[in-house]
Amino acid sequence: MSHVCDNGINIYDLHRFSWNDGPGIRTVVFLKGCNMDCFWCQNPESQSSRREIFYYKERCINCGNCVKACPENCHFCDKSGIHVYDRGKCVKCGDCVKVCFSEALGAAGKRMTDGSIMEEIIKDMEFYQMSGGGVTLSGGEPLLQAGVCYELLRKCREKNIGTALDTAGNVEWSDFQMVLPVTDYFLYDIKALDDEIHMKACGVSNKKILKNLRKLLNKDVKIIIRVPVIPGINDNVDTVRSIAQMVRGYKSVEKIELLPLHNIGRSKYRALEREYRAGGLTTPGQGKMAVLKRSISLV
Ligand code: SF4
Ligand code: SF4
Ligand code: SF4
């Protein structure tokens, strides 16, 4: 029985040749929609399951193409000929994006069939084989579309392509159960063990996340624990060491990765006219990262 709904898979991006999302060279499919609200999220376009329109004002050349293309009159030029985008009336049809050749406008979110995604994936078969890589489903939270994840990963397995799934874990255990038979690697994000801090940082409790992780640790899978290092939230030895101690001794855990906060998503917030709430934070320096890495290596 197919788990794929007729509307296809809701994705916002697809990257080929990634080295950072599991072993080897990978194609990463980014599924749209997340049920958390981490204040530093570097992919704001991943959070809503609905399509969104980016507007990078600094790239606009005031050509007026979008003014003619928009059926809702969301684009216009003011008295001095400067282009203005009125987001309030936008129905996200994407017509303006197609005619904006300077890429000031962009769309995040489209539906693809699993067949068309597989066509992209199989283009890099030789690189997966050469490097021990494969496919990673990421997000947003891919397990909010657990059925389509299962179908896609199953098709990869049929073709002997390695499979991985990057999750924040805030879903039902039944979602994990669905994909377990077809997933080689879980990249499991942990942000904080203290529930109050987690609520403050991510807008949700971590209870379900930790409960799912405890169950997953005992399964016959490979797990990479990923900890985004966020100043004021978890950038201290006690927290990262506690996370390491929690997963120590499980043969399913291949490694723990500490990923320093970066600010590359800042321009995307501007382009979506959303507030970037981590603007006051600086990237943890090499010295701090070395101390944190050393602290988990001693656990
Ligand atoms: S996405 Fe559609 S409705 Fe929105 S501004 Fe562009 S053309 Fe107009
Ligand atoms: S089509 Fe693009 S470059 Fe031209 S006015 Fe619209 S936003 Fe600006
Ligand atoms: S879980 Fe990931 S995608 Fe979701 S809000 Fe947090 S950082 Fe963003």
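Residues numbered from 1 in each chain as written. Chains lettered and ligands numbered in written order. Predicted model: local features only at pLDDT ≥ 70, side-chain atom pairs only at ≥ 80, totals over all residues. Heavy atoms only, no water.

Trainee: Would you explain the site of ligand 1 in this entry?
Mentor: In the region of ligand 1, 14 residues are neighbours, and Cys70, Cys90, Cys93, Gly94 and Cys96 sit closest. The cavity that encloses ligand 1 is the second largest cavity. Looking at the shell around ligand 1 residue by residue, the class counts come to nine nonpolar, two polar and three charged. (Near = heavy atom within 4 Å. 1 Å grid on protein atoms, 1.4 Å probe; cavity = no way out; pocket = protein on both sides within 12 Å on 5 of 7 lines; lining within 4 Å. Sits in = over half its atoms within 2 Å of the grid points. Nonpolar A, V, L, I, M, F, W, Y, C, P; charged D, E, K, R; others polar.)

Trainee: I'm lost on the domain arrangement of the protein chain in this one. Help?
Mentor: Quoted interface sizes are often the accessible area lost when the parts come together. Splitting the protein chain by domain gives domain 1 (9-49 + 109-297) and domain 2 (52-108). Distance from the C-alpha centre of domain 1 to the C-alpha centre of domain 2: 33 Å. Facing twelve residues of domain 1, the contacting portion of domain 2 comprises eight residues. Between domain 1 and domain 2 the total buried area reaches about 860 Å² when both faces are included, carbon and sulfur atoms providing 53% of it. Together, Ala271, Leu272 and Glu273 form the three largest contributors to the area buried by domain 1 at its contact with domain 2, with a combined 51%. Applying the counting criterion to the domain 1 and domain 2 interface returns two salt bridges. Counting across the interface, domain 1 meets domain 2 through four residue pairs in polar contact (both at pLDDT 80 or more). (Domains from an automatic or database assignment. Contact = heavy atoms within 4.5 Å. Buried area = accessible area lost by both parts, 1.4 Å probe. Salt bridge = Lys/Arg side-chain N within 4 Å of Asp/Glu carboxyl O. Polar contact = N/O pair within 3.5 Å; in protein donor to acceptor, adjacent residues only side chain to side chain.)

Trainee: Explain the layout of surface pockets here, please?
Mentor: Unfilled space is identified by rolling a water-sized probe across the atoms. In this model, the largest pocket occupies a volume close to 1100 Å³. In terms of lining, the largest pocket is formed by 42 residues, of which the most central are Asn43, Asp166, Arg226, Leu259 and His262. Every element with two or more residues in the lining of the largest pocket is listed here: strand E1 (9-18), strand E9 (162-167), strand E11 (222-229) and strand E12 (253-260). The biggest single contributor to the lining of the largest pocket is E12, with five residues. (Points joined across faces, edges and corners; volume = space filled by probe spheres on them. Helix = DSSP H or I, 4+ residues; strand = E, 2+ residues; numbered from the N terminus.)

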